[in-house]
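Given next are the chains, with one letter for each unit.
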Amino acid sequence: MTDMIEIDKLRAGYGKLEILHNVSLTLPADQFTTILGPNGSGKSTLLKSIFGITTIFEGSITYGGEELTGLSTAQIGRRGIAYVPQRDNIFPAMSVHDNLLLGARTMSRAEREEAMAGSYDLFPILQKRRGQRAGQLSGGERQMVAMALAWLRRPQVILLDEPTAGLAPLVATEVFRTLQTLRDRGVTLVVVEQNARRVLRFSEYVYVMREGTVAFQGTAAEVAADEDTVKGYLGVGIGKTFSGPGN
């Protein structure tokens, strides 16, 4: 577990606006961790802080014991962390194949061919759509392109902001199953999600944020078992659908 992400007393935001207030948490390696919370709770800001695109006022973010605060997004990416934003995460005017080629542009030819083949293997629907404009794909397929772009460089950690936003339930489940495949391959996943009921089927550990702080935490089973408490933080129920990761 040496490659865990540890956040200690983090205060972060944008410009002079502080969004996160004294946040401390641990994101273990090789685990599917979900960040839940109502709109404006700081979930997305937390991911962006890890990836170096917020203002850090105070505190520490380390990965494998190495400090990330102060590094550029490129430097953080080279350390094996990828970030998939909720919006503007593909090049819609380009074909699926050209999206991946652009993502692999700095690789050697051999590395690029191997990375592209591996991405098509993990996302077979993209092989079928390789010549199609990314902007013409369905919402789920566009999300697969974004995930494939993140996967090209074989990161150890992928941060995903609302990967199923706006997707139909069956498509969202397909996205989560693909993420579970990545998790099974040893990728650490940190996923911001609105739909607690859906994501708890795949998560191992959950943090619930409210007003820029960590309000609640526990395993997915513990969160599901304490619905009244979680409902108080989220404002919605999670239902009695939890049956363990991936079920």
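Residues numbered from 1 in each chain as written. Predicted model: local features only at pLDDT ≥ 70, side-chain atom pairs only at ≥ 80, totals over all residues. Heavy atoms only, no water.

Participant: Any details on the overall build of the protein chain? Residues and values, ideally.
Facilitator: Scanning the protein chain from terminus to terminus reveals 10 helices and 10 strands. Here the protein chain has a C-alpha radius of gyration of 18 Å; the compact-globule value for 247 residues is 18 Å, and the two agree. With respect to the principal axes defined by its C-alpha atoms, the protein chain has extents near 50 × 40 × 35 Å. In the protein chain, which comprises 247 residues, the share counted as buried stands at 48%. Taking contacts inside the protein chain between residues at least 6 apart in sequence as the whole, the part at least 24 apart equals 68%. Charged side chains of the protein chain number 27 positive and 26 negative; the gap between the two group centres comes to 7 Å. (Helix = DSSP H or I, 4+ residues; strand = E, 2+ residues; numbered from the N terminus. Rg over C-alpha atoms; globule rule 2.2 N^0.38 Å. Buried < 20%, exposed > 50% of the residue type's maximum accessible area, 1.4 Å probe, protein only. Contact = heavy atoms within 4.5 Å. Lys, Arg positive; Asp, Glu negative; His and termini not counted. Charge placed at Lys NZ, Arg CZ, Asp CG, Glu CD.)

Participant: Can you tell me about the confidence of the model for the protein chain, naming the residues and giving the values?
Facilitator: Chain-level statistics for the protein chain give a pLDDT mean of 90 and a share of 92% at 70 or above. Across the protein chain, element-level confidence peaks in strand β1 (residues 5-14) with a mean pLDDT of 98 and bottoms out in helix α10 (residues 227-234) with 70. Note that residues 240-247 has pLDDT below 50 and, in this model, 18 contacts with residues that lie over four places away or in other chains. (pLDDT = per-residue confidence, 0-100.)

Participant: Before we move on, could you go through the pattern of salt bridges and cite the residues and values that matter?
Facilitator: The tally for this structure, following the rule as stated, stands at 7 salt bridges. One salt bridge connects R129 with E141, and the closest N-O pair in it is separated by 3.1 Å. One end of the pair, R129, is in the loop between α5 (124-128) and α6 (139-151); the other, E141, is in helix α6, with 12 residues separating them in the sequence. Here the salt bridges do not stand alone but share partners, grouping R11, E18 and E58 into one network. (Salt bridge = Lys/Arg side-chain N within 4 Å of Asp/Glu carboxyl O.)

Participant: Give a description of the sheet that holds strand β10 (residues 213-219) that names residues and reports values.
Facilitator: Taken in spatial order, the 6 strands make up an open sheet running β6-β7-β8-β3-β9-β10, and their pairing is mixed. With one partner strand each, in any of the chains shown, β6 (81-84) and β10 form the two edges of the open sheet. Across the sheet, the axes of successive neighbouring strands diverge by a mean angle of 15°, strand direction being ignored. Bridge count between strand β9 (residues 205-210) and β10: 6 bridges; the pairing is antiparallel. From the neighbouring strand, Y207 faces β10, where its bridge partner is Q217. Lying on the sheet, α6 is in contact with β6 and β7 (157-161); it crosses β6 at an angle near 165°. Contacts between helix α7 (residues 169-184) and the sheet are confined to β3 (32-36), β7 and β8 (188-192), with β8 contributing the most and set at about 150° to the helix. (Pairing = 2+ DSSP bridges. Axes fitted to C-alpha atoms, helices over the stretch in contact; angles between N-to-C directions.)

Participant: Before we move on, could you go through the packing of aromatic side chains and cite the residues and values that matter?
Facilitator: Following the criterion strictly, the structure yields 4 aromatic pairs and no others. For the ring pair F32 and F176, a centre distance of 6.5 Å and an interplane angle of 45° mean the geometry is tilted. Linking F32 in strand β3 with F176 in helix α7, this pair joins segments that are 144 residues apart in sequence. Each member of the pair, F32 as well as F176, is classed as buried. Ring centres 5.4 Å apart and planes at 20° place the aromatic pair F176 and F202 in the stacked group. Taken together, the residues span a long stretch of sequence, with F176 in helix α7 and F202 in the loop between α8 (196-199) and β9 at a distance of 26 residues. On the basis of relative accessibility, which here comes to 0%, the residue F176 falls in the buried class. Overall, F202 belongs to the buried group, its relative accessible area being 2%. (Phe/Tyr/Trp six-rings, centres within 6.5 Å; stacked < 30°, edge-to-face > 60°.)

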